[in-house]
Amino acid sequence: MSSLEKIINELSLHEKEVLLSLHSFEGKSTPEDIAKNDVGSLVKVMNASSWLQSKGIVDIHEKLETIYSLTKEGKKFLTQGMPERQALTELINSNGQIDLDTLGNKIGKDNLAIALGWLKKRDWATLQSKDNKKVILITPQGKKDAQHNTQDEDALKSLKEGSSIQGTSVSSLKKRGAIKEKEKILRTISLTQKGKNILKKGLDITDVLSQLTPELIQTGKWKTATFRPYDVSAFVPSLYGGKKHPLTQLIDKIKSIFVGMGFQEIAGNYVESCFWTMDVLFIPQDHPARDLQDTFYCKQPPRMPVDKHLLDSIANVHENGGSTSSTGWQYKFSKKEAQKSILRTHTTVNTIRYLYEHPDPPSKIFQIGKVFRRENIDSTHLPEFQQVEGIVHEKNANFCQLIGILKEFYHQLGFEKLRFRPAYFPYTEPSMEVEVQWHGKWMELGGSGIFRPEVTEPLGIKETVLAWGLGLERIAIMYLGLNDIRELYFSDLDWLKKLPLL
Ligand code: PHE
């Protein structure tokens, strides 16, 4: 089968009808005329024509045209004459001179003011005072113009007769509210060379079936019916269904990985005390991370209540090691500082509180939540970002196990090349950082370690606690193939729509 025959075979009945109609119009017509030519509704014609255009069989040419039509006022001008014309006629009838009151009575008070303005503008008459009366006198120009229509009058007439208008009358009639304008797209459909070749070959107008119905099968009619072949490569507009934001999808995935590994999810508040966020974690009060430069302190509430007994014992741990075998940080602990409220700077605040409330092992918990730091925004930093936090609290938990859990987690997400490097956090010992290889470079993903006795003992926790806090957005940009962390929050609808499900 030649390629032209293949195209002909795949034409729908409507497409064929439009082509035949175009043929009868010598290859070029408007959709309106084609529709009148027995093809059916304008929508049908346009639909079929767009398909024909996408197959290169016709061209659709569009032109924007301004269409004018008469307003109510314009129609009145046409039937009664424009006010100045009515006045001129009266002037002629009374030998070129009429007093103002008489004219007002003849053509109406409303028309009079407009008529006077235009009589003067067109130089048709002058207004003079005679014997204490205002009198209108016709001019030679008025006498001349009484013989024929003005341009504006001609324009109104041709509009009524269905012709279009142009030129100076348009603006003057528009100003007088006699006409209104509307933009209209005028379309012309014409056969391309390919279209002409198809028509030369001839079109068979018998309807071909495009759908196999239960009825056709039941009656056996399908055996003799002719089916229109499908062009599976034909263009169709893409439809994008609603879906969750990719970050939410990723969070769901991470949750299911941890749940699959036997973890339970917890959550907490954004506003926390320094005590739970830092002091309990043995972060000294002069640590740079607690600086105004790094942390958002809250004006309201300025302070948060802390259990007095616990506050005392943590103060001791900081000052001299307290009940632990540590010597502490050896400085004067401020209880006031401890009660300040802040936006949580890490999700570790929730795990440590959970451990305090559930000191008995075993427990395996995780959480994914927002944290806040005074960071300058750039391609890898945001002041508001999310962490994937977790702990394992059980007898004989060890460092290898921690590495194993993190490896398993990242492997399940699809990251193969990981490395673990020694790190430092005031609350873990040993501590390590996880890095993943991405586009040939090592990218830091987060911290982890085993909670120090200075952290666990004052809270009554007896067994080993493995802990980690990982960045979510870093995982997300690698996962989604982005270069910049900010792109996650741009809400670029086009990107979001086209993004496949994770
Ligand atoms: N809280 C640390 C951070 O925000 C991560 C961490 C969590 C480190 C738990 C060790 C243990 O970077």
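Here the structure is a predicted model, which means the values were calculated and not measured.

## A word on the domain arrangement of the protein
So, step 1. Per the domain assignment, the segments making up the protein are domain 1 (3-65 + 184-223), domain 2 (72-175), domain 3 (238-268 + 361-502) and domain 4 (271-343).
So, step 2. Of note, the centres of domain 2 and domain 4, computed from C-alpha atoms alone, are 92 Å apart.

## Observations concerning the site of the ligand
So, step 1. Neighbouring the ligand are 13 residues, the closest being H346, T348, R373, Q387 and Y427.
So, step 2. In the model, an oxygen atom of the ligand is placed 2.8 Å from a nitrogen or oxygen of the R373 side chain.
So, step 3. Measuring from an oxygen atom of the ligand, one finds a side-chain N or O atom of Q387 at 2.9 Å.
So, step 4. Here the ligand has 320 Å² of accessible area as a free molecule, and 92% of this is covered by the chains.
So, step 5. Its atoms largely coinciding with the cavity grid, the ligand occupies the largest pocket.
So, step 6. Those elements that provide at least two residues to the shell around the ligand are β11 (384-394), β14 (441-451) and β15 (464-471).

## Concerning the sheet that holds strand β10 (residues 363-372)
Working definition: the strands of a sheet are paired by backbone hydrogen bonds and lie parallel or antiparallel to each other.
So, step 1. Across the sheet, seven strands lie side by side as β7-β10-β11-β15-β14-β13-β12; this open sheet has mixed pairing. Edge positions in the sheet fall to β7 (264-265) and β12 (418-422), since each has one partner strand and no second.
So, step 2. Here β11 pairs with β15 via eight bridges, running antiparallel. What sits directly across from E394, in β15, is T464.
So, step 3. Lying on the sheet, helix α14 (residues 246-260) is in contact with β7, β10, β11 and β15; it crosses β10 at an angle near 160 degrees.

## As for a nonpolar patch on the surface
So, step 1. Together, L212, I217, W222 and F227 make up a nonpolar patch on the protein surface, roughly 390 Å² of accessible area in all.
So, step 2. Considering the arrangement of structural elements, one finds F227 in the loop between α13 (214-219) and α14.
So, step 3. Judged by its relative accessible area of 34%, F227 falls in the partly exposed class.

## Considering the layout of surface pockets
So, step 1. Of the volumes computed, that of the largest pocket is approximately 990 Å³.
So, step 2. Together, 41 residues line the largest pocket, and T345, R373, F385, Q387 and F425 are the ones closest to its centre.
So, step 3. Within the residue set of the lining of the largest pocket, elements represented by two or more residues are β11, β13 (428-438), β14, β15 and α21 (472-480).
So, step 4. Broken down by element, the residue count for the lining of the largest pocket peaks at seven residues, all from β14.
So, step 5. Taken together, the residues of the lining of the largest pocket break down into 16 nonpolar, 16 polar and nine charged.
So, step 6. Here the lining of the largest pocket spans two domains, and each of domain 3 (238-268 + 361-502) and domain 4 (271-343) adds at least three residues to it.
So, step 7. Looking at the second largest pocket, its volume works out to about 350 Å³.
So, step 8. Forming the boundary of the second largest pocket are 17 residues, of which E10, E15, W51, K55 and R228 lie nearest the centre.

## Section: helix α8 (residues 109-121)
Counting along an α-helix, one turn takes 3.6 residues, and residues three or four places apart therefore face a common direction.
So, step 1. In this model α8 runs 19 Å from its N-terminal to its C-terminal C-alpha over 13 residues, within 8% of the 18 Å that 1.5 Å per residue would give.
So, step 2. Where α8 is concerned, the buried positions are N111, L112, A115, W118 and L119.
So, step 3. Next to the buried residues of α8 lie α6 (83-93), α7 (100-107), β4 (125-130) and β5 (133-138).
So, step 4. Positive backbone phi, at 60 degrees, marks D123, one or two positions downstream of α8.

## Side note on the pairing of strand β6 (residues 179-191)
So, step 1. Here strand β1 (residues 28-29) pairs with β6 via two bridges, running antiparallel. Within β6, the residue paired with K28 across the bridge is S190.
So, step 2. Both strand β2 (residues 58-70) and β6 contribute to a ladder of 13 bridges, which runs antiparallel. From the neighbouring strand, V58 faces β6, where its bridge partner is L191.

## A few points about the packing of α6 against α8
So, step 1. Between α6 and α8, the shortest axis-to-axis distance is 8 Å and the interhelical angle comes to 80 degrees. With respect to α8, the axis of α6 lies roughly perpendicular. Between α6, through P83, E84, Q86 and A87, and α8, the contact on the second element is made entirely by N111, I114, A115, W118 and L119.
So, step 2. Each residue belonging to the contact of α6 with α8 can be placed in one class, and the counts come to six nonpolar, two polar and one charged.

## A closer look at the environment of V306
So, step 1. Relative to the helices and strands, V306 is located in the loop between α15 (274-279) and α16 (308-320).
So, step 2. Put simply, V306 and C274 are 32 residues apart on the chain and 9.9 Å apart in space, counted from C-alpha to C-alpha.

## Some remarks on helix α19 (residues 399-413)
So, step 1. For α19, with 15 residues, the first-to-last C-alpha span of 22 Å sits near the 21 Å given by 1.5 Å per residue.
So, step 2. Of the positions making up α19, those classed as buried are L402, I405, L406, F409, Y410 and L413. Down the axis of α19, the buried side of the element spans an arc of 120 degrees, and every buried residue falls inside it.
So, step 3. N-cap assignment for α19: the residue whose side-chain oxygen lies 3.1 Å from the backbone N of C400 is N398.
So, step 4. Among the residues trailing α19, G414 stands out with phi positive, at a value near 105 degrees.

What counts and what doesn't
Residues numbered from 1 in each chain as written. Predicted model: local features only at pLDDT ≥ 70, side-chain atom pairs only at ≥ 80, totals over all residues. Heavy atoms only, no water. Domains from an automatic or database assignment. Near = heavy atom within 4 Å. Polar contact = N/O pair within 3.5 Å; in protein donor to acceptor, adjacent residues only side chain to side chain. Areas by Shrake-Rupley, 256 points an atom, 1.4 Å probe, with all protein chains shown as cover. 1 Å grid on protein atoms, 1.4 Å probe; cavity = no way out; pocket = protein on both sides within 12 Å on 5 of 7 lines; lining within 4 Å. Sits in = over half its atoms within 2 Å of the grid points. Helix = DSSP H or I, 4+ residues; strand = E, 2+ residues; numbered from the N terminus. Pairing = 2+ DSSP bridges. Contact = heavy atoms within 4.5 Å. Axes fitted to C-alpha atoms, helices over the stretch in contact; angles between N-to-C directions. Patch = residues over 30% accessible without salt bridge, like charges linked within 9 Å, V, L, I, M, F, W, Y side chains within 5 Å. Salt bridge = Lys/Arg side-chain N within 4 Å of Asp/Glu carboxyl O. Buried < 20%, exposed > 50% of the residue type's maximum accessible area, 1.4 Å probe, protein only. Points joined across faces, edges and corners; volume = space filled by probe spheres on them. Nonpolar A, V, L, I, M, F, W, Y, C, P; charged D, E, K, R; others polar. Expected span 1.5 Å × (residues − 1). Parallel < 35°, antiparallel > 145°, perpendicular 65-115°, else oblique. Arc of directions from axis to C-beta.

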